[in-house]
Amino acid sequence: MSRYLSDTLRGLRPYTPGEQPRRRNYVKLNTNESPYPPPTAVVRAVEAEARNLQLYPDPECRELRKAAAAYYGLEPGQVMAGNGSDENLFFALRAFCDETRPLAHADVTYGCYAVWCGLLHIPEHIIPLEEDFTLDPLRYHGLNETIVIANPNAPTGLALPPEDIGQIAAANPDSVVIVDEAYVDFGTRSCVSMVRQYDNLLVVQTCSKSRQMAGARLGVAMGSKGLIADLEQVRNSLNPYNVNRMTQAAGIAALQCGGYFRETCRQVMETRGWAAAALARRGFVLTNSRANFLFARCERMPAAQLYAALRRRGVLVRYFDAPRTADWLRITVGTREQMEALFAALDAILKEG
Ligand SMILES: *Cc1c(COP(=O)(O)O)cnc(C)c1O
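One numbering rule holds for all chains: residues counted from 1, following each sequence as written. Where totals are concerned, whole chains, interfaces and linings use all residues; where local detail is concerned, this predicted model gives features only for residues with pLDDT of at least 70, and gives and counts side-chain atom pairs only at 80 or more. Values reported for side chains reflect all heavy atoms of the structure, with hydrogen atoms and water molecules removed beforehand.

**Side note on the pairing of strand β3 (residues 103-106)**
Here's step 1: Each residue gets one of three labels from its accessible area relative to the maximum for its type: buried under 20%, exposed over 50%, partly exposed in between, using a 1.4 Å probe on protein chains only. Counting from the N terminus, the helices are DSSP H or I runs at least four residues long and the strands are E runs at least two residues long. Burial of the side chains of β3 extends over both faces: Leu103 and His105 are buried on one face and Ala104 and Ala106 on the other.
Here's step 2: For two strands to pair, DSSP has to find at least two bridges joining them. Relative to strand β4 (residues 124-127), β3 runs parallel, the two sharing 4 bridges. Bridging from a neighbouring strand, Ala104 pairs with His125 of β4.
Here's step 3: A clockwise course of the path from the first strand over the helix to the second, judged with the strands pointing away from the viewer, identifies a crossover as right-handed. In this region the chain leaves β3, passes through helix α5 (residues 112-120) and returns to the parallel neighbour β4; the handedness of that crossover is right-handed.
Here's step 4: Bridging between β3 and strand β5 (residues 146-150) involves 2 bridges; their strand directions are parallel. From the neighbouring strand, Ala104 faces β5, where its bridge partner is Ile147.

This is the structure in structure tokens:
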């Protein structure tokens, strides 16, 4: 830190991303990426678009928004593309919160919400999850504050039915309700179609977790035309060329790879069920995760110790050193082979004691 950093930023604690090792031989189960490569059509689209890199990308992402709108049954004016969901969520917080308009969010949820509140001077209204990490929707009724809910939630993996989210939107008619659906493609129902019904509902999805494109940085925000116009206002005031040419081309191609998308999601869900049972057999306690990760507590060894021991054996998982999550590990669902490597490492560690 230099002496030039602004006083307001001195106290800010940034988000710590999961480790991205440069050595490739780790079994990487720490950042919820897809364990599968992108479909060939996406690779080809990126290669072809690279030839046009001397030109700026379309700042309005017209083709991509048209394709996404058709895919989700919306109009292009109800869709905005961003540099990952992170950017869309940040734009939403900038648009719908400020010093006097707080953000309500769960205590155990995606860590970036709190970090952005710090950066943007947004007061936080932190609503604790229940003892078993479930979210009681009634706690979100009549708040009169901007709300963000990750559904399924991270790192717990627990999901609410869209009807509960609809009731939250209805019970906060003068506030925006943001639903972060980063993990919705692994077997839960989306709230996207409800944006036609609730003009205060903003749904955010990403190509990072279920579409093999974490490295491309692409997310879409969907909501009423008014909400999307508000996001556009922020986007065009910061970085109108926020989605690069290759990523726009990749996104359009990815939306045409429905078969590959469904098959890879299915495989992740199948491996999730199998791996959850295998962990339970080893004495782990798990939440009912609907995402592409498992959230597991080990009764036989402190989670921090287990995390470190796995790392020494070349297996990366995620550990969150916070009061309610300190006993838990978040383990990305990889391929069957990756999960077998995890279990081999776990068995060796637990045997050593
Ligand atoms: C991964 C994740 C994001 C960020 O997604 P990107 O599109 O990669 O920026 C946002 N929210 C949640 C809950 C996530 O898990």
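Here the narrative resumes.
**Description of the nonpolar core**
Here's step 1: Membership of the largest hydrophobic core comes to 37 residues, with the highest contact counts inside it found for Leu306, Leu310 and Leu342.
Here's step 2: At the level of secondary structure, the elements contributing two or more residues to this core comprise α9 (258-281), β10 (293-298), α10 (303-312), β12 (328-332) and α11 (336-352).
Here's step 3: Contact partners of Leu310, with chain neighbours within four places excluded, come to Val315, Val317, Leu329, Leu342, Ala345, Leu346 and Ile349.
Here's step 4: With 35 residues, the next largest nonpolar core counts Leu74, Ala169, Val177 and Met222 among its residues. Only buried residues count toward a nonpolar core. Its members are Ala, Val, Leu, Ile, Met, Phe, Trp, Tyr and Cys residues joined through side-chain atoms within 4.5 Å. Contact criterion: two residues are considered in contact whenever any of their non-hydrogen atoms come within 4.5 Å of each other.

**What to know about the domain arrangement of the protein chain**
Here's step 1: By the assigned domains, the protein chain splits into domain 1 (7-37 + 259-352) and domain 2 (40-257).
Here's step 2: For domain 1 versus domain 2, the distance between C-alpha centres works out to 24 Å.
Here's step 3: Interface area, domain 1 with domain 2, both sides summed: about 2500 Å², of which 67% is carbon and sulfur.
Here's step 4: When a carboxyl oxygen of Asp or Glu is within 4 Å of a side-chain nitrogen of Lys or Arg, the pair counts as a salt bridge. Taken together, the links from domain 1 to domain 2 amount to 1 salt bridge.
Here's step 5: Between Asp107 and Arg324 there is a salt bridge, with its nearest N and O atoms 2.9 Å apart.
Here's step 6: Any N or O atom pair separated by 3.5 Å or less is treated as a polar contact, with the protein-specific requirement of one donor-capable and one acceptor-capable atom, and with residues adjacent in sequence counted only for side-chain atom pairs. Taken together, domain 1 and domain 2 are joined by 12 residue pairs in polar contact (both at pLDDT 80 or more).
Here's step 7: Looking at the side of domain 1 that touches domain 2, the elements with two or more residues in it are α1 (7-10), α9, β10 and β12. Domain boundaries shown here were taken from an automatic or database domain assignment. By buried area we mean the combined loss of accessible area, with a 1.4 Å probe, across both parts when two parts are placed together.

**Overview of the packing of aromatic side chains**
Here's step 1: For Phe, Tyr and Trp, where Trp contributes only its six-membered ring, two rings pair if their centres lie within 6.5 Å, and the inter-plane angle classes them as stacked under 30 degrees, edge-to-face over 60, or tilted in between. In this structure the tally under the stated criterion is 13 aromatic pairs.
Here's step 2: When the ring of Trp274 is compared with that of Phe343, the centres are 5.7 Å apart and the planes differ by 75°; the resulting orientation is edge-to-face. Of the two residues, Trp274 sits in helix α9 while Phe343 sits in helix α11, which places them 69 residues apart along the sequence.
Here's step 3: A relative accessible area of 23% places Trp274 in the partly exposed class.
Here's step 4: Classification of Phe343 by relative accessible area gives buried; the value is 4%.
Here's step 5: Each ring, one from Phe295 and one from Trp328, has its centre 4.7 Å from the other, and the planes form 15°; the classification is stacked. Of the two residues, Phe295 sits in strand β10 while Trp328 sits in strand β12, which places them 33 residues apart along the sequence. In this structure, Phe295 and Trp328 share a single accessibility class: buried.
Here's step 6: Every member of this aromatic cluster is reached through a ring pair, and the members are Tyr15, Phe90, Tyr110, Tyr113 and Trp116.

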